[in-house]
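Coordinates in review
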Amino acid sequence: MKESRQKNWKRLFVILMTVNITILLAIVMFIMWPVPGEEFPDKQYIEEEAGAEFTIQSSKNNLTQLVNEYIDKLLKDKDDKYAISLDQEVHLMGTIEAFEAEVPVNITFDPIVQENGDVILQSTEMSLGLLRLPKDKILKYVNDKINTPDWVVINPKEESIYIALTQMDIGNFKVRVQQFDLENDQLSFRIKIPNETLGLE
């Protein structure tokens, strides 16, 4: 009887150890498995189209309000699950569903203006709840959970987000960043109204 109990105990111990090792290996593989890269969209230059151009200036507060309203509309975010804030950097805050629970996501970006007026948001800090995952894994998870338009490309491998402002569908005009100086709160954009939208071609 005693020997039977010892055999059962040993068998249960081996099963438990096997399950733990399997879970540990799965976690290690998840963390170490390379994430795929994403191709950035081809750059467009609004200067190549004939039309009238205007320069508008904004502040961090005004742009924050505009971007958050756009996010709510774009992602149909009625519960304000996602928000952007601007100080010295760009902060994305939100929640995503993971492990059958709402997990907070916080990502900090350094904005880099491209020569054509698009913007690359290069991540500097990232967290997914209390999990200490590599930044590329967090960004891949966000990419899998959030449906973004074609002009927003999340590249987990490069730990960045490409925002092709010049390809945004915003009616009869196009936009590009001219200046994006968060430290001095100097933000300006060039707006172009193509002649063809005015029936001039």
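Per chain, residue numbering runs from 1 following the sequence as it is written. Only residues with pLDDT of at least 70 get local features here, since the model is predicted, and only at 80 or more are side-chain atom pairs given and counted; chain-wide, interface and lining totals rely on the full set of residues. Only hydrogens and water are set aside; all other atoms, that is, all heavy atoms of the structure, feed into the side-chain values.

All right, on to the nonpolar core then. Val90, Ile107 and Phe180 are the most contacted members of the largest nonpolar core, which has 38 residues in total. Strands are runs of DSSP state E lasting at least 2 residues, helices are runs of H or I lasting at least 4, and numbering of each runs from the N terminus. With five residues, strand β5 (residues 119-128) is the single largest residue contributor to this core. Take the buried residues of types Ala, Val, Leu, Ile, Met, Phe, Trp, Tyr and Cys, join any two whose side-chain atoms come within 4.5 Å, and each joined set is a nonpolar core. Buried residues are those whose accessible area, probed at 1.4 Å on protein chains only, stays under 20% of the maximum for their type, while exposed residues exceed 50% and partly exposed ones sit between those limits.

Right, let's talk about the pattern of salt bridges for a bit. Take a side-chain nitrogen of Lys or Arg and a carboxyl oxygen of Asp or Glu: if they are within 4 Å of each other, that pair is a salt bridge. One pass over the full model with this rule turns up three salt bridges. Between Lys192 and Glu53 there is a salt bridge; the shortest N-O distance is 3.1 Å. With Lys192 in strand β9 (residues 186-194) and Glu53 in strand β1 (residues 51-58), this residue pair connects regions lying 139 residues apart in the sequence. Taking relative accessible area as the criterion, Lys192 reaches 3% and is therefore assigned buried. A relative accessible area of 32% places Glu53 in the partly exposed class. Two residues, Lys140 and Asp144, come together in a salt bridge whose shortest N-O distance is 3.0 Å. Here Lys140 pairs with Asp144, and both are found in helix α3 (residues 135-145), just four residues apart, close to one helical turn. Relative accessible area serves as the criterion here: at 30%, Lys140 is assigned to the partly exposed category. The network of salt bridges with common partners includes Glu53, Arg190 and Lys192.

Further remarks concern the side chain of Arg176. In this fold, Arg176 is placed in strand β8 (residues 174-181). Residue contacts are defined here by distance: any two heavy atoms, one from each residue, within 4.5 Å place the two residues in contact. Apart from the residues lying within four places of it in its own chain, the contact partners of Arg176 are Ile46, Glu47, Gln114, Glu115, Asn116, Gly117, Thr166, Phe189 and Arg190.

The next point concerns the packing of aromatic side chains. Stacked, edge-to-face and tilted labels apply to pairs of Phe, Tyr and Trp rings (six-membered ring for Trp) whose centres lie within 6.5 Å, assigned for plane angles under 30 degrees, over 60, and everything in between, in that order. Summed over all chains, the structure comprises one aromatic pair. Centroid distance Tyr70 to Trp151: 6.1 Å. Interplanar angle 45 degrees. Geometry classified as tilted. With Tyr70 in helix α2 (residues 60-74) and Trp151 in the loop between α3 and β6 (152-155), the pair connects residues that are 81 residues apart, well separated along the chain. The class for Trp151 is buried, based on a relative accessible area of 12%.

On to α2, then. Any helix carries an expected span of 1.5 Å times its number of residues minus one. Taking 1.5 Å of rise per residue, the 15 residues of α2 would be expected to cover 21 Å, and the 20 Å separating its terminal C-alpha atoms lies within 8% of that figure. Positive phi appears at Lys76, one or two residues downstream of α2, with a value of about 50 degrees.

With that out of the way, let us pick up the pairing of β9. In regular strands, side chains alternate between the two faces of the sheet. As paired elements, β1 and β9 share eight bridges and run antiparallel to each other. Bridged to Phe54 within β9 is Ile191. When β8 meets β9, the two strands line up antiparallel, connected through seven bridges. Bridge pairing in β9 places Lys174 opposite Lys192. Strands are labelled as partners when DSSP assigns at least two bridges between them.

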